[in-house]
Each structure stands twice: as structure tokens, then as C-alpha cells.
Amino acid sequence: MKANKTMAWMVMGLLVAGLAACGGGGKYASAKSLINRQIAIMESYADAMEKAGSAPDVARALNAYAAATKDLVPAMKKFQEQFPEMKEQAEPPVELKPEMDKMQQVMGRIMSASIKAAQYMQDPVVQEAQKKLGEAMSSMN
């Protein structure tokens, strides 16, 4: 159950990032930068989770992802405040399709790696790291 809760938080964070990133060149030029920052954070997390072979490894990956996400929150909130109409868009513009496709690919890696790491989710150090990630993700709202 804890693994499912963590996945829900991660997916929620990724969706928020996707919503924040909807936009294109011109008026929304900052969206590409924000998306690419989020992708880099996600890739780093996926790499760490794929390599994790113990509860401390999983906890380190979760803690690093939580810290990086927390650092990104101010930029995401600023973007959301500046462009509230983004929440209403069903699809990002064509200009951002490559970035959004890459984000989807990385999300798949994260889900696969998290399933692999689920065996460590009952460890207290991992549960504490999950809590930190949940807090970081909830601060996006």
C-alpha cells in the first residue's frame, strides 16, 4: 500500500509539472526550461531507483528526488500563478510535444524502477524518505 501511495504522489507531481509546463514558444517560452528541469530531476531519480539494491539506496533516491522537487516548487508555483489558464488546457501545444513525450518516457522508467524497489518500502528509512517526498509533492499545490 505504501508503494501505491508513493506512486500516487509521484504521478500527481508529474501531472502538476505537466500542467505547469503546458505552453509553447513566445508567451510560454519559460515552459521548455521548466519542463527540462523537471525531466532532469526525474531522470536522476529513475537512474538512482534503477540502481537501488537496498533500502538505504531507495531512501537516498527518494530523498534526493524530494529535495530536487522541493527546489523546483517555487518556479512551478510562479508559472502557475502567471498562467492560470494552463490548468484548463487538455493538451500542450505542438511546440512542447518532444518535451512532453520525453517526460512520459521518464515517467515509465520511474514506475518500473519503483515497482522493483517496492520490496524495500516497509523499511523505516524508506518510509521516512517517502514521507519527505510526499511533503515535497504536496507543496506543489
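Everything here concerns the structure above.
This write-up is about the structure you can find in this document. (Residues numbered from 1 in each chain as written. Predicted model: local features only at pLDDT ≥ 70, side-chain atom pairs only at ≥ 80, totals over all residues. Heavy atoms only, no water.)

### Considering the overall build of the protein
For the record, the criterion: Helical segments are the DSSP runs of H or I of at least four residues, strand segments are the runs of E of at least two, and each set is numbered from the N terminus. Each residue is assigned to one of three classes by its accessible area relative to the maximum for its type, calculated with a 1.4 Å probe on protein chains only: buried under 20%, partly exposed between the two thresholds, exposed over 50%. Contacts were defined at the residue level, with two residues in contact if any of their heavy atoms lie within 4.5 Å. Here the Shrake-Rupley method, with its probe set to 1.4 Å, supplies the accessible areas, and only the displayed protein chains count as covering residues.
The number of helices and strands found in the protein is five helices and zero strands. Overall, the protein shows an N-to-C arrangement of helices and strands of α-α-α-α-α. Taking all 141 residues of the protein together, 43% fall into the buried category. Restricting to contacts in the protein with at least 6 residues of sequence separation, those with at least 24 account for 89%. For the protein, the accessible area works out to roughly 7400 Å², and carbon and sulfur atoms hold 57% of it.

### A short note on the packing of aromatic side chains
Selection rule: Any pair of Phe, Tyr and Trp rings, taking the six-membered ring for Trp, is counted once the centres come within 6.5 Å. Such a pair is stacked with planes under 30 degrees apart, edge-to-face with planes over 60 apart, and tilted for the rest.
Considering all chains together, one arrives at one aromatic pair under this definition. Arranged with centres 4.2 Å apart and planes meeting at 15 degrees, the rings of Tyr-45 and Tyr-65 form a pair that is stacked. You can see Tyr-45 sitting in helix H2 (residues 29-51) and its partner Tyr-65 sitting in helix H3 (residues 55-82), a full 20 residues away along the chain. Overall, Tyr-45 belongs to the buried group, its relative accessible area being 3%.

### With respect to helix H4 (residues 97-117)
Count 3.6 residues to each turn of an α-helix, and residues three or four apart come out pointing the same way. Test applied: By definition here, a helix of n residues has an expected span of 1.5 Å times n minus one. The reported arc concerns the directions from the helix axis to the C-beta atoms and nothing else.
Its 21 residues place the ends of H4 30 Å apart at the C-alpha level, agreeing with the 30 Å of an ideal helix rising 1.5 Å per residue. Buried within H4 are the following residues: Glu-99, Met-100, Met-103, Val-106, Met-107, Ile-110, Ala-113, Ser-114 and Ala-117. Looking straight down H4, one finds that the buried residues subtend no more than 140 degrees of arc, so they occupy a single side. Turned more than 90 degrees away from the buried face of H4 sit Pro-98, Gln-105 and Ile-115, all of them exposed.

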